[in-house]
Amino acid sequence: MAKKDFYSLLGVSREASASELKKAYRKLAVQYHPDKNPGDKEAEEKFKQVSEAYDVLKDPEKRQRYDQFGHAAFQGGGGGGHAGSVDPFEIFREVFGGGGGGGGGGFGGIFENFFGGGMGGDPSSVRGPDLRYDLEISLKEASKGVEREVRYRRHAPCKPCSGSGAEPGSSKSGCPTCRGTGQVATNRGFISIQRTCPKCKGTGSVIEKVCRSCRGEGRVQETSKVKIKIPPGVDTGSRLCSRGQGEAGIQGGEPGDLYVVVHLKEHEVFERTNDDLYCEIPIKFTLAALGGTIEVPTLDGKASLKIPSSTQSGTVFRLRGHGIPNLRTGRKGDQMIRISIDVPKRLTKDQRKRLEDFAESCGDPGNPVSDSFRAKVKRYFKE
Ligand SMILES: [Zn+2]
Ligand SMILES: [Zn+2]
């Protein structure tokens, strides 16, 4: 089933502003809303189409892609409907599986730490905060996967005292607050509540002599290096987690994690949408008319593409399997090639004469617009 043009679906011109789009969409959405048309399959379908069209056109980036590549820009990958943008958290979950080790499955925790919350409360269990590192990689690296070493400043566990905060060789003495039990009790009415001793943080002992390197904190500032393995298929916004490589905890507390957020460099030739690549190739107008074979760039090198005779401007060819491997399945997307027509900028006298003869033989003079369009215009003026 051929898809209807998104602009005509919404009944707006290709130059429609964002507010015009919104207005048109609202009107149609209300008109075709399933609640208003119970059991009406046609209305339901229309509602879906209109929503899909608006979903694409409201996003300036998607709209530009749609203007350039038409529906082909959003096919494949997403399994029909909208391929949509990929939720980076979704990727994260796919790559690392729910929970993984230690961190506890929920994602609320990440945000808490990213935004500096979640640290208050009992100082005895001060887990080090998570860190974020923004890493730029090339499109090719995103496609093949790559290993990168990242260097960053962080609090690392103090080596001389192994993070304990006590000067090496010095002894620890029993905590006077809890008498070495690590627990203190508070009485509230009939209930006695046990909690971790705030003085010794539950260890039952206190430091006699504070470590000189870290002044008892158990951690020091340093430049850390960590190797990050980037799997094939990552995209801008993908997050990779290196457990335990964030800030060290205080006095032996659990370290935070390092999150590496991937950013793709812009490519001169290719644009990427999900797993597919797009490129535009201007070909000489004679080749478009006569047909032939051209060499096209791909991420893996060169491929040849057959251009049939009478290829029109805007035709999109698909090179299967020349896209980016899917992060989850490893299946490669496609490469789309949009053909545009390159018209000579200068003609010699002789070339001009020949072209004029050619135009004459086609009956072009006085008839410069394509036959199919002329037929459309004729119908339009009849109405
Ligand atoms: Zn204590
Ligand atoms: Zn120390």
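J.: Explanation requested: the overall build of the protein in the structure shown.
T.: Broken down by element type, the protein carries 10 helices and 15 strands. Counting all 383 residues of the protein, 36% fall into the buried class. The contacts of the protein with a sequence gap of at least 6 include a subset with a gap of at least 24, amounting to 62%. In the structure as shown, the protein presents an accessible area of about 23600 Å², 50% of it carried by carbon and sulfur atoms.

J.: How do you make sense of the side chain of arginine 272 when you look at a structure like this?
T.: For arginine 272, the location among the structural elements is in strand 10 (residues 271-273). Relative accessible area serves as the criterion here: at 14%, arginine 272 is assigned to the buried category. Apart from the residues within four sequence positions on either side, arginine 272 is in contact with Arg65, Leu139, Ala142, Gly233, Val234, Asp235, Leu264, Leu277 and Ile324.

J.: Quick question: what am I supposed to make of the coordination of the zinc ion (ligand 2) here?
T.: The protein atoms donating to the zinc ion (ligand 2) are Cys158 (SG), Cys161 (SG), Cys211 (SG) and Cys214 (SG), with metal-donor distances spanning 2.2 to 2.3 Å. For the zinc ion (ligand 2), the 4 donor atoms in the first shell make angles of 102 to 116° at the metal, a pattern classed as tetrahedral. In the primary sequence, the donor residues of the zinc ion (ligand 2) line up as C-x2-C-x49-C-x2-C. Of this pair, cysteine 161 sits in the loop between strand 2 (146-157) and strand 3 (172-174) while cysteine 211 sits in the loop between strand 6 (205-207) and strand 7 (219-230), and the two are 50 residues apart along the sequence. Just as cysteine 161 is buried, cysteine 211 falls in that class too.

J.: Honestly, the sheet that holds strand 14 (residues 316-319) in this entry has me stumped. Any pointers?
T.: Strand pairing in a sheet relies on backbone hydrogen bonds. The paired strands run either parallel or antiparallel. A sheet is described by the order of its strands in space; here 4 strands give the open sequence 10-11-15-14, paired in mixed fashion. Edge positions in the open sheet fall to strand 10 and strand 14, since each of these has one partner strand only. Across the sheet, the axes of successive neighbouring strands diverge by a mean angle of 30°, strand direction being ignored. Bridge count for strand 11 (residues 276-284) against strand 15 (residues 335-342) is 8 bridges, and the pairing is parallel. Note on strand 15: the bridge partner recorded for glutamate 280 is arginine 338.

J.: Which parts of the structure should I look at to understand the pairing of strand 12 (residues 292-298)?
T.: Moving residue by residue along a regular strand, the side chains alternate between the two faces of the sheet. Alignment of strand 12 against strand 13 (residues 301-307), held across 7 bridges, turns out to be antiparallel. Following the sheet pairing, glycine 292 is matched in strand 13 by isoleucine 307. Taking the residues between adjacent antiparallel strands as the criterion, strand 12 and strand 13 are bridged by 2 residues.

J.: I'm lost on the sheet that holds strand 9 (residues 258-264) in this one. Help?
T.: Pairing is mixed in the open sheet, where 3 strands are placed in the order 1-9-8. Looking at which strands have only one partner, the edges of the open sheet turn out to be strand 1 (131-137) and strand 8 (239-242). The mean angle between the axes of side-by-side strands here comes to 25°, regardless of whether they run parallel or antiparallel. Where strand 8 lies against strand 9, 4 bridges are found, and the strand directions are antiparallel. Following the sheet pairing, serine 242 is matched in strand 9 by leucine 258.

J.: Explain the packing of aromatic side chains to me, please; I cannot follow it from the model alone.
T.: To describe a pair of aromatic rings, you give the distance between the ring centres and the angle between the ring planes. Tallied over the full model, the rule gives 2 aromatic pairs. Judged by centre distance (4.2 Å) and plane angle (5°), the ring pair of tyrosine 25 and tyrosine 54 falls under stacked. Here the residue tyrosine 25 occupies a position in helix 2 (residues 18-32), and tyrosine 54 occupies one in helix 3 (residues 41-57), the gap between them amounting to 29 residues. Exposure remark for tyrosine 54: the relative accessible area of 14% places this residue in the buried category.

J.: In this structure, what is going on with the environment of serine 17? I would like to understand it.
T.: Looking at the secondary structure, you find serine 17 in the loop between helix 1 (6-10) and helix 2. You can call serine 17 partly exposed: its relative accessible area is 31%. A C-alpha to C-alpha distance of 9.4 Å links serine 17 and lysine 58, two positions 41 residues apart in sequence.

J.: Just checking my understanding: could you explain a nonpolar patch on the surface for this structure?
T.: A contiguous nonpolar surface patch, about 390 Å² in accessible area, is contributed by Phe190, Ile191 and Ile193. Relative to the elements of secondary structure, isoleucine 191 occurs in strand 5 (residues 191-196).

J.: Sorry if this is basic, but what is going on with the confidence of the model for the protein here?
T.: Close inspection of predicted coordinates is inappropriate in any region flagged by low pLDDT. With 85% of its residues at a pLDDT of at least 70, the protein reaches an overall mean of 81. Taken as a whole, residues 76-125 scores under 50 in pLDDT and shows 56 contacts with residues more than four places along the chain or in a different chain.

J.: Would you mind going over the side chain of glutamate 247 with me for this structure?
T.: Here glutamate 247 shows up in the loop between strand 8 and strand 9. Lacking a salt bridge, the buried glutamate 247 has arginine 219 as its closest oppositely charged neighbour, with an N-O distance of 5.0 Å. In contact with glutamate 247, not counting residues within four places along its chain, are Gly128, Pro129, Leu131, Arg154, His155, Arg219, Pro255 and Gly256.

J.: Help me understand unusual backbone geometry in this model?
T.: Trans is the prevailing form of peptide bonds, just as negative phi is the prevailing case for residues other than glycine. At serine 162, a residue that is not glycine, the phi angle is positive and equals roughly 50°. As for its placement among the helices and strands, serine 162 is situated in the loop between strand 2 and strand 3. The phi angle at arginine 215 is positive, at roughly 55°, despite the residue not being glycine. With respect to the secondary-structure elements, arginine 215 resides in the loop between strand 6 and strand 7. Overall, the relative accessible area of 76% leaves arginine 215 in the exposed class.

J.: When you look at helix 9 (residues 349-362) in this model, what are you seeing that I'm missing?
T.: For an α-helix, 3.6 residues make a turn, and residues three or four places apart therefore share a direction. Under the 1.5 Å per step criterion, the end-to-end length of helix 9 is 20 Å for 14 residues, consistent within 8% with the ideal 20 Å. With its phi angle positive at about 75°, glycine 363 sits one or two positions after the end of helix 9.

About the cut-offs
- Sequence order as written defines the numbering, with residues in each chain counted from 1.
- Each chain is given a letter, starting from A, and each ligand a number, starting from 1, according to the order in which they appear as written.
- Per-residue local features are limited, in this predicted model, to residues with pLDDT of at least 70; the limit for side-chain atom pairs, both in listing and counting, is 80 or more; totals at the level of whole chains, interfaces and linings are taken over all residues.
- Neither water nor hydrogens contribute to the side-chain values; these are computed over all heavy atoms in the structure.
- The way it works is that DSSP assigns letters per residue, a run of H or I at least four long becomes a helix, a run of E at least two long becomes a strand, and they are numbered from the N terminus.
- Residue exposure (1.4 Å probe, protein chains only): buried if accessible area is under 20% of the type maximum, exposed if over 50%, otherwise partly exposed.
- What makes two residues a contact is simply this: any of their non-hydrogen atoms within 4.5 Å.
- Surface accessibility in these figures is a Shrake-Rupley result with a 1.4 Å probe; residues are shielded only by whichever protein chains are displayed.
- Atoms of type N, O and S within 2.8 Å of a metal are treated as its donors, and for Na, K and Ca the window is 3.2 Å; water is not considered, so some sites may appear to be missing partners.
- Under the classification used here, a metal with four donors is tetrahedral if each angle lies between 85 and 135 degrees, square planar if opposite donors are over 155 degrees apart and the others between 65 and 115, a six-donor metal meeting that same test is octahedral, and anything else is irregular.
- Here, a strand pair is defined by DSSP locating no fewer than two bridges between the strands.
- In this analysis, axes come from line fits to C-alpha atoms, helices being fitted only over the stretch in contact, and the angle between any two N-to-C directions falls in the range 0 to 180 degrees.
- Centres within 6.5 Å make a pair out of two Phe, Tyr or Trp rings, where for Trp the six-membered ring is used; the pair is then stacked when the planes are under 30 degrees apart, edge-to-face when over 60, and tilted otherwise.
- The patches reported here contain residues having more than 30% relative accessible area and no salt bridge. Joining distances are 9 Å for like charges and 5 Å for nonpolar side chains (Val, Leu, Ile, Met, Phe, Trp, Tyr).
- Salt bridges are defined by distance alone: a side-chain nitrogen of Lys or Arg within 4 Å of a carboxyl oxygen of Asp or Glu.
- The predictor's confidence in any single residue is recorded as pLDDT, a number from 0 to 100.
- None of His or the chain ends enter the tally, which takes Lys and Arg as positive and Asp and Glu as negative.
- Residue count minus one, scaled by 1.5 Å, sets the expected span of a helix.

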